[in-house]
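# Coordinates in review
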Amino acid sequence: MERACVIGAGGFIASWIVAKLLDRGYTVHGTVRDPDDDEKYGHLKKLPGASERLSLFRADVLDYDSLVPAVRGCHVVFHTACPVAHKFEDPDAVLKPAVDGTRNVMEACHKENIKRVVFTSSGAAMIFDPNRSRDQIIDESCWSDPEACRKHQQWYRLAKTESEKLVSKLGDEFGIRVVVICPVVVLGPILQSKINASVGLVATLMNGSKTSYPNIYFALVDVRDVAEAHIAGYEDPNASGRYFCIACSKLCKEMIETLKENFPQYSYPEKCETEADLFEKFLNLFEKFSNKKILSLIKEFIPYEKMLVDTVASLQEKGLL
Ligand code: NAP
């Protein structure tokens, strides 16, 4: 009987990891900040297998002591918790939970003699390097440049870069095998009741809130594939290091066309123009990429159109569109 801990269990990606772990017969320890908040975490308690094999632990990544009982007795810890937003005004709002939080999780794992950790990093830890040529293929060798992140106040990108470097360093120091999954923009059906930042992007394109949108590349992957990759990162004996988790890269214009074809009843941006400002230029670097390494873990990706259609269907079902 495998026992796994999922840190930040109520999040969009983590909820799918919990669901898939339960489905595979794992016993799951899920950490949440307030187990009594049914609006936020009620969906976890309703997952098949949850009543028998899911325990929710009250824990905050900023509180080391709260993490220790949650990881105790587990074969693997999936550390997903980190705030996600399009912009952070206060760097510490993301740097502290990402970096201090990761240190606390790793120290709790070390104390409890956990030997396997799967860490959720991000394409954000790979993409932001102003010195990289636009022709370069983005793969696991790419890192965001911390100095450039600081200079351009890219706090989320800095936090994911620093926390990923830290988790690998502490893994080496503590003798914990760490596998890192670096997803790009994650779409797909939501299990939780409120919309999260990445799925919110699709809603923004459909709810009439924008009359124009820059025609940038969106690097996309389905949450069900991201969850599979995390679990394979533990179960596959050959898994090691970081994995760039990207299914496809689409221009915003193409995404809007696909959405319009399937859901013509919504209001879309009328214009989709390229604005060559710094931020968008770096996002456009997702044009050329390699997902060869992660295809050794998950075999194939959910197709692009299905990913978009299933995202919208789940928002409709939950009354969020
Ligand atoms: P989400 O739905 O917003 O979930 C964020 C999670 O982080 C929640 O479980 C939240 O816990 C937890 N969290 C934040 N601050 C915390 C703290 N101080 N203590 C404990 N937990 C805290 O986000 P998501 O999209 O699933 O993202 C999960 C992970 O994937 C993050 O590490 C993110 O960087 C990474 N990622 C996401 C995407 C994407 O497109 N969605 C892409 C690449 C990487 P509460 O429930 O207590 O609020």
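As shown above, the structure is provided for reference.
All of these numbers come straight from a predicted model, not from anything done at the bench. (Residues numbered from 1 in each chain as written. Predicted model: local features only at pLDDT ≥ 70, side-chain atom pairs only at ≥ 80, totals over all residues. Heavy atoms only, no water.)

## Observations concerning the sheet that holds strand β8 (residues 217-222)
- Here three strands make up an open sheet; going across it, the order is β7-β8-β10 and the pairing mixed. Of all strands in the sheet, those with a lone pairing partner are β7 (185-187) and β10 (248-251), marking the two edges. In this sheet, adjacent strand axes meet at a mean angle of 45 degrees when their direction is disregarded.
- Two strands pair when backbone bridges link them, and β8 and β10 are joined in this way by four bridges, in the antiparallel orientation. Bridging across to β10, Leu220 finds its partner in Cys248. (Pairing = 2+ DSSP bridges. Helix = DSSP H or I, 4+ residues; strand = E, 2+ residues; numbered from the N terminus. Axes fitted to C-alpha atoms, helices over the stretch in contact; angles between N-to-C directions.)

## Thoughts on the nonpolar core
- One finds Val6, Val18, Leu21, Val77 and Phe78 to be the most contacted residues of the largest nonpolar core, which totals 116 residues.
- Top contributing element to this core by residue count: helix α1 (residues 12-23), with nine residues.
- With sequence-adjacent residues up to four places away left out, Val77 is seen in contact with Cys5, Ile7, Val71, Val105, Cys109, Ile114, Arg116, Val117 and Val118. (Core = buried A, V, L, I, M, F, W, Y, C linked by side-chain atoms within 4.5 Å. Buried < 20%, exposed > 50% of the residue type's maximum accessible area, 1.4 Å probe, protein only. Contact = heavy atoms within 4.5 Å.)

## Observations regarding the pairing of β8
- For β8, the buried fraction is high: six of the six residues fall into the buried class.
- Burial along β8 is two-sided: the residues Tyr217, Ala219 and Val221 and Phe218, Leu220 and Asp222 are all buried.
- Of the strand pairs in this sheet, β7 and β8 are connected by three bridges, and their pairing is parallel. Looking at β8, one finds that Val186 is bridged to Val221.
- Crossover β7 to β8 through helix α9 (residues 197-206) is right-handed. (Right-handed = clockwise from strand over helix to strand, strands pointing away.)

## Brief notes about the pattern of salt bridges
- Per the counting criterion, the structure on display carries 20 salt bridges.
- Of the charged contacts, one joins Arg24 and Glu235 as a salt bridge, the two residues approaching to 3.6 Å between their closest N and O atoms. Of the two residues, Arg24 is situated in the loop between α1 and β2 (27-32) and Glu235 in helix α10 (residues 223-235); the sequence distance between them amounts to 211 residues.
- On the basis of relative accessible area, Arg24 is assigned to the partly exposed category, the value being 36%.
- Lys288 serves as the salt-bridge partner of Asp135, at 3.3 Å between the closest nitrogen and oxygen. Of this pair, Asp135 sits in the loop between α6 (124-127) and α7 (146-151) while Lys288 sits in the loop between α12 (278-283) and α13 (295-298), and the two are 153 residues apart along the sequence.
- When salt bridges that share partners are traced, they join Lys20, Arg24, Glu228 and Glu235 into one network. (Salt bridge = Lys/Arg side-chain N within 4 Å of Asp/Glu carboxyl O.)

## Observations regarding the site of the ligand
- As a matter of local geometry, the ligand sits amid 26 residues, with Phe12, Arg33, Thr80, Tyr156 and Lys160 nearest to it.
- A distance of 3.3 Å separates an oxygen atom of the ligand from a polar atom in the backbone of Gly11.
- Cys82 places a main-chain nitrogen or oxygen 3.0 Å from an oxygen atom of the ligand.
- When isolated, the ligand has an accessible area of 880 Å², and the protein chains bury 90% of it.
- Secondary-structure elements contributing two or more residues to the shell around the ligand are α1, α2 (38-45), α8 (155-174) and β7.
- Along the lines of polarity and charge, the residues of the shell around the ligand split into 14 nonpolar, eight polar and four charged. (Near = heavy atom within 4 Å. Polar contact = N/O pair within 3.5 Å; in protein donor to acceptor, adjacent residues only side chain to side chain. Areas by Shrake-Rupley, 256 points an atom, 1.4 Å probe, with all protein chains shown as cover. Nonpolar A, V, L, I, M, F, W, Y, C, P; charged D, E, K, R; others polar.)

## Some words on the packing of aromatic side chains
- Scanning all chains against the criterion turns up three aromatic pairs.
- Between Phe244 and Phe286, the ring centres sit 6.2 Å apart and the planes meet at 25 degrees, which makes this aromatic pair stacked. Highlighted residues: Phe244 in strand β9 (residues 241-245) and Phe286 in the loop between α12 and α13, separated in sequence by 42 residues.
- Over the face of the ring belonging to Trp143 we find Lys165, whose NZ or CZ atom lies 4.9 Å from the ring centre.
- A cation over a ring is seen here: Lys293 above Tyr243, with NZ or CZ 4.2 Å from the ring centre. (Phe/Tyr/Trp six-rings, centres within 6.5 Å; stacked < 30°, edge-to-face > 60°. Lys NZ or Arg CZ within 6 Å of the ring centre and 35° of its normal.)

## Observations regarding the state of the cysteines
- Under the defined criterion, the tally for this structure stands at zero disulfides.
- Here Cys74 is not cross-linked by a disulfide; its sulfur's nearest cysteine counterpart is in Cys5, at 5.1 Å.
- A residue is classified by how much of its surface remains accessible, and Cys74, at 8% relative accessible area, is buried.
- Free cysteine: Cys82, not disulfide-bonded; nearest cysteine sulfur from Cys182 at 13 Å. (Disulfide = S-S within 2.5 Å.)

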